[in-house]
Amino acid sequence: QIAKAFGVEYNLSNITEQERSRRVNEWLIHHMDEVPFHRLCYNSSIKTKHINDYLAENGTDAAFTIDPYHAMTPLHMLSMNPHATADTIAALLDVNMEVAFCLDNQGKMSMDYARDYNADGLVGIVNGLCNHRHAAD
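Read on for a plain summary of the structure.

Reading the values: the criteria
- Residues numbered from 1 in each chain as written.
- Predicted model: local features only at pLDDT ≥ 70, side-chain atom pairs only at ≥ 80, totals over all residues.
- Heavy atoms only, no water.
- Helix = DSSP H or I, 4+ residues; strand = E, 2+ residues; numbered from the N terminus.
- Contact = heavy atoms within 4.5 Å.
- Areas by Shrake-Rupley, 256 points an atom, 1.4 Å probe, with all protein chains shown as cover.
- Phe/Tyr/Trp six-rings, centres within 6.5 Å; stacked < 30°, edge-to-face > 60°.
- Buried < 20%, exposed > 50% of the residue type's maximum accessible area, 1.4 Å probe, protein only.
- Axes fitted to C-alpha atoms, helices over the stretch in contact; angles between N-to-C directions.
- Parallel < 35°, antiparallel > 145°, perpendicular 65-115°, else oblique.
- Left-handed = near helix turned anticlockwise from the far one by under 90°.
- Core = buried A, V, L, I, M, F, W, Y, C linked by side-chain atoms within 4.5 Å.
- Salt bridge = Lys/Arg side-chain N within 4 Å of Asp/Glu carboxyl O.

Once that is clear, we can look at the overall build of the chain. The helix and strand tally for the chain stands at eight helices and zero strands. Order of helices (α) and strands (β) in the chain, N terminus to C terminus: α-α-α-α-α-α-α-α. Of all intrachain contacts in the chain linking residues separated by at least 6 positions in sequence, the fraction that spans at least 24 positions is 64%. When the accessible area of the chain is evaluated, it comes to approximately 8300 Å², of which 52% is carbon and sulfur surface.

The next point concerns the packing of aromatic side chains. Following the criterion strictly, the structure yields two aromatic pairs and no others. Between the aromatic rings of F37 and Y54, the centroid separation amounts to 4.4 Å while the plane-to-plane angle is 0°, which identifies the pairing as stacked. Pair noted here: F37 is in helix α3 (residues 36-41) and Y54 is in helix α4 (residues 48-58), with a separation of 17 residues, a long-range link. Grouping residues by exposure puts F37 and Y54 together as buried. Their ring planes at 15° and their centres at 6.5 Å tell us that Y113 and Y117 sit as a pair that is stacked. Taken as a pair, Y113 and Y117 lie in helix α7 (residues 110-117) at a separation of four residues, close to a single helical turn. The class for Y113 is buried, based on a relative accessible area of 4%.

With that settled, the discussion passes to the packing of α4 against helix α6 (residues 86-93). Direction vectors running N to C along α4 and α6 enclose 15°, while the axes themselves pass 8 Å from each other. Here α6 runs roughly parallel to α4, going by the angle between their axes. Here the hand of the crossing between α4 and α6 comes out right-handed. Contact with α4, carried on its side by T48, I51, N52 and L55, involves D87, T88, A91 and L92 of α6 and no other residues of that element.

We now examine the environment of M109. In this fold, M109 is placed in the loop between α6 and α7. Residue class for M109 comes out partly exposed when judged on its relative accessible area of 22%. Here the alpha-carbon distance between M109 and V99, two residues ten residues apart in the chain, equals 8.8 Å. Not counting residues up to four positions away in its chain, the partners in contact with M109 are H76, A100, F101, C102 and L103.

On to the nonpolar core. One finds F37, I51, L78 and L92 to be the most contacted residues of the largest nonpolar core, which totals 29 residues. Elements with a minimum of two residues in this core: α3, α4, α5 (74-80), α6, α7 and α8 (119-136). Ignoring sequence-local partners within four residues, the contact set of L78 consists of C41, I46, I51, A84, T88, I89, L92 and N118.

The tally for this structure, following the rule as stated, stands at three salt bridges. Of the charged contacts, one joins R115 and D112 as a salt bridge, the two residues approaching to 3.4 Å between their closest N and O atoms. Remark: D112 and R115 occur in helix α7; sequence separation between them is three residues, near one turn of the helix. For the salt bridge of D116 with R115, the shortest nitrogen-to-oxygen distance reads 3.1 Å. Overall, the relative accessible area of 43% leaves D116 in the partly exposed class. Judged by relative accessible area, R115 falls into the exposed class, the value being 52%. Bridged by salt links that share partners, the residues D112, R115 and D116 form one connected network.

Right under this line is the structure:
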């Protein structure tokens, strides 16, 4: 159903379960090709250095890229990545605090996903926002 919603439709009645799995896996691997920073942010081996290197090479505007499928920012993806540390999330959040308040197409902020999938990330977001607020005072 997900693939069909994005214009990919398969006639699955005459194929094996193995072929069906292969096709779904192929779609899952490539459906975020248009937004490479999002893919990087959900990588299980993501490190702060990866975020900093990507932003240095591609510019900080990459932090505001919205994916065409879910209207998520890279911070949304990083926040739901259970392997992302608070420091890694802070590196992306430091680019611009406003991105923390962007809503996706389900009306969720990155903090909502961090709460559900990455408690360390939630602490990092809250800490970053508090530090930013105190620095502005």
